[in-house]
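# Understanding the architecture of this molecule
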Amino acid sequence: NWPASVHIIDSTKSDEEIQDELDGLQEQPTIITSDMTSNQDLIGTKQFVPTEHFSSERKVIFFEPREEPYKVDVQVGYYVQVAGLGASAKDVKFADNGAEKKKGPYCPAYFNTKLKGLTTLDTFWRSAENYSNLTKDGQLWAVSQAAPIRRIHTVNDLNLNDKGAQSSGGHLANVQVDGALVFGSQQQFCSRSVTVGNSGAINLGAWSNVFVDTVAPEGCLKAPAAWNGAPFGENLSLETRANNWRAADWSTGSVDKDGASTTVNVPKTTVEKCFVAMETVADDSKKYFLHVPQPRIRSGDSPSPLGADLSGTTDDRRPFENVYVALADAGDDIDYDVARKINIALRQGKDIVLSPGIYHLQESINIVKKDQVLLGIGMATLAAPPNGEPCIRVATGTEGVRIGGIMFAASKINKGLFFSPKTTAFIEFGKEGVADAGNPSNPGVLSDIFCRVGGDLDREVSTDVMVRIHQGNVIGDNLWLWRADHVELAADESPNFPDMNLDYHQVVMGECPGKTGLEVNGDNVVIHGLAVEHTQEDQVVWNGNDGQVYFYQCELPYDVDQNFGAKNFVGFRVNGENHQLGGAGVYSNFRDYNVLVKTGIVHPKAFDSKVVINPFIVHLNNGGRIMTVVSDGSTYGGGPVYDADHMICKYNPKAEDEKMHESEKEEMEENTMVRQTSWGWISEKLASPFRGSRPTSPTGLASQ
């Protein structure tokens, strides 16, 4: 039996009954009034506001398969997964109700009280999967990180933005689009194994689009809507767009060449995320299966892209008799014994489905058998054990392990004197220092892995590294590893940066510490869709050989001081050999100090455009900057950069530039403002009366 956090939509009910049920499960919109905004287009309309941003509630809404389409609206809010229960994406369909338009599952932009308008910059932690959208208006999915849309077929357009509201990027995987694929205001976006129909088009986003294993017609690419959305002057297809930076001057609207950057890659192997399906058997009873898609391996030196695979015909169907459904709670209480129960089931050879909820682990979950699946549904969240042990440990030599659909939350670590790990992490895939080549024909897989250090009220939570991969031949598919830049406000607490945001407390130095997002020590590790943000040292450290990352998005921490630059921390550091990096962007928004960072990316082959493809850096706001895009460790420069004058260009600082920035740095250090902070920054508070003040910063472009 499923717990109350799993909502099964009965296929025999009428659409009216189902809509009533859904209305009770969804966030409720607010009527926008004239005292909330001066935007006449919004006044009087109903809009969603992010009141559930740090909610502890988790849920999944499953739709049973049926022949007739569901004619309903399903707003997918925070910590909600909406998914069809079919073996194929065509088994659950959503359509209009005659002349009455319906949306099916959708995610709109949210109303932001500070911006007094719509935004999707904080639209995180949700997903939609495994259905077909037949509605005339198509699929609306205006999101940012940790909000994937997978295994769907939309017969019309797929809109990844809403009314031009700012969006910071996301992940699209195993999707078929018969109409237009519209990125709109998205800063970056990763599209993996996507098929665009012969009559379709791709309207590119703002800064960088990465296409991996995507099938699309010749001449489908169009410039971003900000540049009139016109077709490119040359008949460009995805194949001819590889390694081709296209620059634009936002201040004049002119386009140099044709638009935003695109990276194309046909990978040797892709593996789809596992999912739950339901079948009606001979006695009309309902039987559940865990579908485990098999790896799709391309042969030859120049394989063609395969695009979407929505049929499920080659999946390994595992009946739920051999699946342990874990519960976060024991009755009305938190189940602190849940990890032990899961480990018993794993030792028995069972797969695990984590039902929606927050699991307060007291020990690690240990995966010790090959081919086992640990699948979270409804944004199931693992809170790290307080002794510093990882949430999940995969044993050395254990091939084919699938981990997916799981959030990870940091805890306050009580380190012992002798027995605590020297490095704390959420996932230890393999064992540090132990050689483990993995199996290229049966890789380990991490799908939809969302880690966060901070967010809730406790600002003393921490971890050293969020994910550590020691095994070789592991595939990552959509990882967002986030040290919080904002957290929940306590009762009666005022925001410490009211000029930036009225809804959250902005994290300051000493709060929610986390050093690095990802450390890779295994060889032949491939990641399609990686985002790491705000950690206090190198965001990514890649030590393994023959690695590949296609799509990387990084925002450096807001709250660090000049030591971050002085110690040469970067957005992505490669120490291994034969590494490929495509479509990587590193952003800066140094809020509290004028931090100067030498470069965004350190890579042994930094200046080989066939190895480091379309890198760029972005200065979002405030002081400091990233001086150059890439470096091989000794030489700096190269690559496009989005600078304060709104120009995407190449920036190689000259000696006089560095001298000017050094002068600015000294001036800022003499006139540093220590903002309103918390108890975690005592030394800075003591020093603040002896310093001058720094002007209040303007509202940032992004808060993510």
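None of these values were measured; they are calculated from a predicted model.

## Quick word on the overall build of the protein
What the protein contains, in helices and strands, is five helices and 57 strands. Burial status across the protein gives 62% buried among its 704 residues. For the protein, the exposed surface amounts to about 25,900 Å²; the carbon and sulfur share of it is 48%.

## Details of the pairing of strand β4 (residues 59-63)
Most of β4 sits out of view: five of its five residues are buried. Bridge count between strand β1 (residues 6-9) and β4: four bridges; the pairing is parallel. Note that in β4 the partner of His7 across the bridge is Ile61. Here β4 runs beside strand β6 (residues 80-84); their pairing, made up of five bridges, is parallel. In the strand pairing of β6, Phe63 is matched with Gly84.

## Brief notes about the nonpolar core
Counting residues in hydrophobic clusters, the biggest one holds 94 residues, and the most contacted among them are Ile392, Leu530 and Tyr552. Of all hydrophobic cores here, the second largest spans 38 residues; its members include Leu22, Tyr70, Val74 and Ala128.

## Observations regarding the environment of Gly376
By the secondary structure assignment, Gly376 is in strand β35 (residues 373-376). Separated by 19 residues in sequence, Gly376 and Gly357 place their C-alpha atoms 9.6 Å apart. Excluding anything up to four places from it in sequence, Gly376 contacts Leu354, Gly404, Gly405 and Ile406.

## Topic: the sheet that holds strand β39 (residues 427-429)
Across the sheet, which stays open at both edges, the ten strands sit in the order β34-β37-β39-β41-β45-β47-β49-β51-β54-β55 with mixed pairing between neighbours. One side of each edge strand has no neighbouring strand; the edge strands of this open sheet are β34 (365-367) and β55 (636-637).

## Details of the pattern of salt bridges
What the rule picks out here adds up to 32 salt bridges. Here the salt bridges do not stand alone but share partners, grouping Glu129, Arg150, Arg192, Glu272, Lys273, Asp448 and Asp477 into one network.

## Here's the deal with helix α1 (residues 15-23)
Along α1, the residues classified as buried are Asp15, Ile18, Gln19 and Leu22. Relative to the axis of α1, the buried residues are bounded by an arc of 100° and lie together on one face. Exposed and oriented more than 90 degrees from the buried face of α1 are Glu16 and Asp20. For α1, the secondary structure elements touched by its buried residues are β1, β4 and β5 (73-75).

## A closer look at the pairing of strand β32 (residues 351-354)
Neither face of β32 is left uncovered, since the one carrying Asp351 and Val353 and the one carrying Ile352 and Leu354 both have all their residues buried. By the bridge criterion, three bridges tie β32 to β35 in an arrangement that is parallel. Within β35, the residue paired with Ile352 across the bridge is Leu374.

## A look at the sheet that holds strand β20 (residues 221-222)
Within the open sheet, the five strands sit side by side as β12-β14-β16-β18-β20. Their pairing is parallel. The open sheet is flanked by β12 (139-140) and β20, the only strands paired with a single partner. Here strand β18 (residues 202-203) pairs with β20 via two bridges, running parallel. Following the sheet pairing, Ile202 is matched in β20 by Leu221.

## Digging into unusual backbone geometry
Of note, the phi angle at Asn174 is positive, near 55°, even though the residue is not glycine. Counting through the fold element by element, Asn174 comes out in strand β15 (residues 170-177). Residue classification places Asn174 among the buried residues on the basis of a relative accessible area of 1%. Residue Ser193 is not a glycine yet carries a positive backbone phi of 55°. With respect to the element layout, Ser193 can be found in strand β17 (residues 188-196). When its relative accessible area of 0% is taken as the criterion, Ser193 is described as buried.

## Focus on the side chain of Thr154
Following the sequence through the fold, Thr154 ends up in strand β13 (residues 149-154). Polar contacts involving the side chain of Thr154 include one to the main-chain carbonyl oxygen of Asp157, which spans 3.4 Å. Beyond its immediate sequence surroundings of up to four residues, Thr154 is in contact with Asn133, Gly138, Gln139, Gln176, Val177, Asp178 and Gly179.

## Digging into helix α2 (residues 338-347)
Along α2, the residues that are buried comprise Val338, Ala339, Ile342, Asn343, Ala345 and Leu346. Looking down the long axis of α2, one finds its buried residues gathered within 160° of arc, a one-sided arrangement. On its buried side, α2 packs onto β29 (323-326), β32, β33 (358-360) and β34.

## With respect to the environment of Val155
Within the secondary structure layout, Val155 lies in the loop between β13 and β14 (158-159). Using a relative accessible area of 28% as the deciding quantity, one classes Val155 as partly exposed. Not counting residues within four places of it along the chain, the set of residues in contact with Val155 comprises Asn133, Leu134, Asp178 and Gly179.

## Considering a negative patch on the surface
The grouping of Glu16, Glu17, Asp20 and Asp23 at the surface amounts to a negative patch. Looking at the element boundaries, Glu16 is found in helix α1.

## Side note on the side chain of Arg296
Within the secondary structure, Arg296 sits in strand β27 (residues 296-297). Its relative accessible area of 17% is what places Arg296 among the buried residues. Polar contacts involving the side chain of Arg296 include one to the main-chain carbonyl oxygen of Gly307, which spans 2.6 Å.

## So, the environment of Thr135
With respect to the element layout, Thr135 can be found in the loop between β11 (126-133) and β12. Sequence separation between Thr135 and Lys93 is 42 residues, and the spatial gap between their C-alpha atoms is 9.5 Å. The residues touching Thr135, leaving out its near neighbours within four places in the chain, are Phe94, Ala95, Asp96, Lys102, Lys103 and Asn156.

## Overview of the packing of aromatic side chains
Counted according to the given criterion, the structure contains 29 aromatic pairs. An angle of 40° between the planes, with centres 6.2 Å apart, marks the rings of Tyr78 and Tyr79 as tilted. Each member of the pair, Tyr78 together with Tyr79, is buried. A centroid spacing of 5.9 Å and a plane angle of 40° characterise the contact between Trp125 and Trp480, whose relative ring orientation is tilted. Taken as a pair, Trp125 in the loop between β10 (117-119) and β11 and Trp480 in strand β42 (residues 474-483) lie far apart in primary sequence, 355 residues in all. In this arrangement the basic side chain of Arg58 is found over the ring face of Tyr79, its NZ or CZ atom lying 4.0 Å from the centre. For Arg452, the ring lying beneath its charged end belongs to Trp125, and the centroid distance is 4.6 Å.

The rules we used
- Residues numbered from 1 in each chain as written.
- Predicted model: local features only at pLDDT ≥ 70, side-chain atom pairs only at ≥ 80, totals over all residues.
- Heavy atoms only, no water.
- Helix = DSSP H or I, 4+ residues; strand = E, 2+ residues; numbered from the N terminus.
- Buried < 20%, exposed > 50% of the residue type's maximum accessible area, 1.4 Å probe, protein only.
- Areas by Shrake-Rupley, 256 points an atom, 1.4 Å probe, with all protein chains shown as cover.
- Pairing = 2+ DSSP bridges.
- Core = buried A, V, L, I, M, F, W, Y, C linked by side-chain atoms within 4.5 Å.
- Contact = heavy atoms within 4.5 Å.
- Salt bridge = Lys/Arg side-chain N within 4 Å of Asp/Glu carboxyl O.
- Arc of directions from axis to C-beta.
- Polar contact = N/O pair within 3.5 Å; in protein donor to acceptor, adjacent residues only side chain to side chain.
- Patch = residues over 30% accessible without salt bridge, like charges linked within 9 Å, V, L, I, M, F, W, Y side chains within 5 Å.
- Lys, Arg positive; Asp, Glu negative; His and termini not counted.
- Charge placed at Lys NZ, Arg CZ, Asp CG, Glu CD.
- Phe/Tyr/Trp six-rings, centres within 6.5 Å; stacked < 30°, edge-to-face > 60°.
- Lys NZ or Arg CZ within 6 Å of the ring centre and 35° of its normal.

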